[in-house]
Amino acid sequence: MGVGMQRSVAIIGTRGYPSFYGGFETAVRKLAPYLADQGWGVTVYGRPGAVRPEDPGTDARVESRITAGLDTKSLSTLSFGLTAVLDAVVRKPDVVLVMNVANGFWLPLLKLRGIPTLVNVDGIEWERAKWGRLAKTIFRAGARATARWGTSMVYDARAIAERWRQEFGLEGFVISYGGDEPGTLPAPEGVTSGRYVLLVARFVPENSIWEFIEAVKLLPKSTPVVIVGSSGNGGEMDNAVKTLAEERPNVQWLGHVHDHDHLLALWQHSGVYFHGHSVGGTNPALVQAMACGAPVVARDTVYNREVLQSAGIFVQPTAPEIAFALQQVLKDPARQEELSVQAKVRAATAYTWDGVCRAYEQALEETLDAQVSKKLHPLHGRLAGRERLRR
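### Some words on the sheet that holds strand S1 (residues 8-12)
Across the sheet, seven strands lie side by side as S3-S2-S1-S4-S5-S6-S7; this open sheet has parallel pairing. This sheet does not close on itself; its edge strands, each paired only once, are strand S3 (63-66) and strand S7 (173-174). Both strand S2 (residues 41-46) and S3 contribute to a ladder of four bridges, which runs parallel. Bridging across to S3, Tyr45 finds its partner in Arg65.

Encoded structure:
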């Protein structure tokens, strides 16, 4: 690449830019404008109906390209990933950032075109309880393909990096998620600041939803509980939470909260936030809760301990233990304040979007530089790449 030439990156594997669906989409909303600020030409591939181009925060410098695909639970990632990769093969960006190992099947197409790839592997998807046997098999095969054909890897937690080192013999970049420090927000209508239990989660078994429902039943009926989330397609958990809210006036079920500031305010004013996620590495919701200063009770997992360190209370996924910990925090304002301060300090030092974006740009540059070096000096490129991974 000549001096002064603009570098170009395509981002594949999310619902697009700007989109507000989940952690990947939030990361892209932060990263794409940052890269544009640094002089990159940025293209983000997306899906029909999944982006909000009219959003006032949209950066016009970021190109949004919508491709076709099958919008089904089992085929959406694969089909939209394939059409995005085919388009990128034609347009030939300097480097591609790929989100999700399910897109690993299409990496050979990019490799044949001479396009280096930086792949965010996400969590250990093939172990998630929400996926059936076929989906787990596809994710596992996609991970193998990613390990074989991807140029560089990104892991959102050190525990995920260690797992990939053990299973696939690969090192890579550890880049987590960031949180927005919201400033002081007014307490949401219908709640009293510091007095309620909060849950924010997708309704899937690995997020300890069943255990939390049973824990709420053990709390005094005077304890306010706010539940944010759903399964997205109805089902037993949604019905159970609906019944819980109908039978207990102290329980509010808000479903999916689209207003970002409202969600931030719920975290900021909670008396205690329960985080029951058990798989997936660094969880964006936990990082954001910490940035808001929510006092956290978390399921005891290697991932949650890595993120929180001493800024939280850890419990086993049993209803009595969850209920006891929630009550202990809720009735102790001094403990609430201590956990809140620790969470905010931890988020501000380890989980900022500026730090995340700078790390992604560095990873993209190193991936691109390794490709250029390999083209100029094939043997040197291979040896330098091995040495970088060992470090």
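### Quick word on the confidence of the model for the protein
For the protein, per-residue confidence averages 92 on the pLDDT scale, and residues scoring 70 or more make up 94% of the total. Low pLDDT (under 50) marks residues 378-391, which in the prediction has nine contacts with non-local residues, meaning those over four places away or in another chain.

### With respect to the packing of aromatic side chains
Using the criterion set out here, one finds six aromatic pairs in the structure. For the ring pair Trp164 and Phe168, a centre distance of 4.5 Å and an interplane angle of 45° mean the geometry is tilted. A residue pair is termed a helical-turn pair when its members lie 3 or 4 positions apart in one helix, as Trp164 and Phe168 do in helix H5 (residues 158-168) at four residues. An aromatic cluster is built from Tyr155, Trp164 and Phe168, whose rings are joined through pairwise contacts. Over the ring of Tyr21 we find Arg15; its NZ or CZ atom is 3.6 Å from the centre of that ring. We note Arg305 situated over the ring of Phe314; from NZ or CZ to the ring centre the distance is 4.2 Å.

### Quick word on the pattern of salt bridges
All chains considered together, the criterion is met by 16 salt bridges. Here Glu365 and Arg7 are joined by a salt bridge, their closest N and O atoms 2.6 Å apart. Of the two residues, Glu365 is situated in helix H13 (residues 353-376) and Arg7 in the segment before S1; the sequence distance between them amounts to 358 residues. Through salt bridges with shared partners, a single ionic network connects Glu63, Arg65, Asp87 and Arg91.

### Focus on the side chain of Gln288
By the element assignment, Gln288 lies in helix H9 (residues 284-291). Among all residues touching Gln288, those that are not within four sequence positions of it are Gly179, Asp180, Leu264 and Trp267.

### Observations concerning the environment of Gly232
With respect to the helices, strands and loops of the structure, Gly232 is situated in the loop between strand S9 (225-228) and helix H7 (236-247). Taking the C-alpha atoms as reference, Gly232 lies 18 Å from His260; in sequence the two are 28 residues apart.

### With respect to unusual backbone geometry
Cis geometry is found at the peptide bond from Tyr17 to Pro18, where omega equals -10°. Structurally, Pro18 can be placed in the loop between S1 and helix H1 (23-37). Even without being glycine, Ser208 reaches a positive phi, approximately 65°. By the secondary structure assignment, Ser208 is in the loop between strand S8 (197-200) and helix H6 (209-218).

### Description of the packing of H6 against helix H11 (residues 319-330)
The angle between the axes and the distance between the axes are what describe a pair of packed helices. Relative to each other, H6 and H11 sit at 60°, their axes nearing to 8 Å. Put simply, H6 runs oblique to H11. The handedness of the crossing between H6 and H11 comes out as right-handed. Contacts from Glu211, Phe212, Glu214, Ala215 and Leu218 of H6 reach H11 at Ala319, Pro320, Ile322, Ala323 and Leu326.

### Describing the side chain of Ser270
Mapping Ser270 onto the fold places it in the loop between helix H8 (260-269) and strand S11 (272-275). In this structure, Ser270 is in contact with Gly194, Tyr196, Leu198, Ala294 and Pro295, ignoring residues within four places of it in sequence.

Basis of the calculations
Residues numbered from 1 in each chain as written. Predicted model: local features only at pLDDT ≥ 70, side-chain atom pairs only at ≥ 80, totals over all residues. Heavy atoms only, no water. Pairing = 2+ DSSP bridges. Helix = DSSP H or I, 4+ residues; strand = E, 2+ residues; numbered from the N terminus. pLDDT = per-residue confidence, 0-100. Contact = heavy atoms within 4.5 Å. Phe/Tyr/Trp six-rings, centres within 6.5 Å; stacked < 30°, edge-to-face > 60°. Lys NZ or Arg CZ within 6 Å of the ring centre and 35° of its normal. Salt bridge = Lys/Arg side-chain N within 4 Å of Asp/Glu carboxyl O. Axes fitted to C-alpha atoms, helices over the stretch in contact; angles between N-to-C directions. Parallel < 35°, antiparallel > 145°, perpendicular 65-115°, else oblique. Left-handed = near helix turned anticlockwise from the far one by under 90°.

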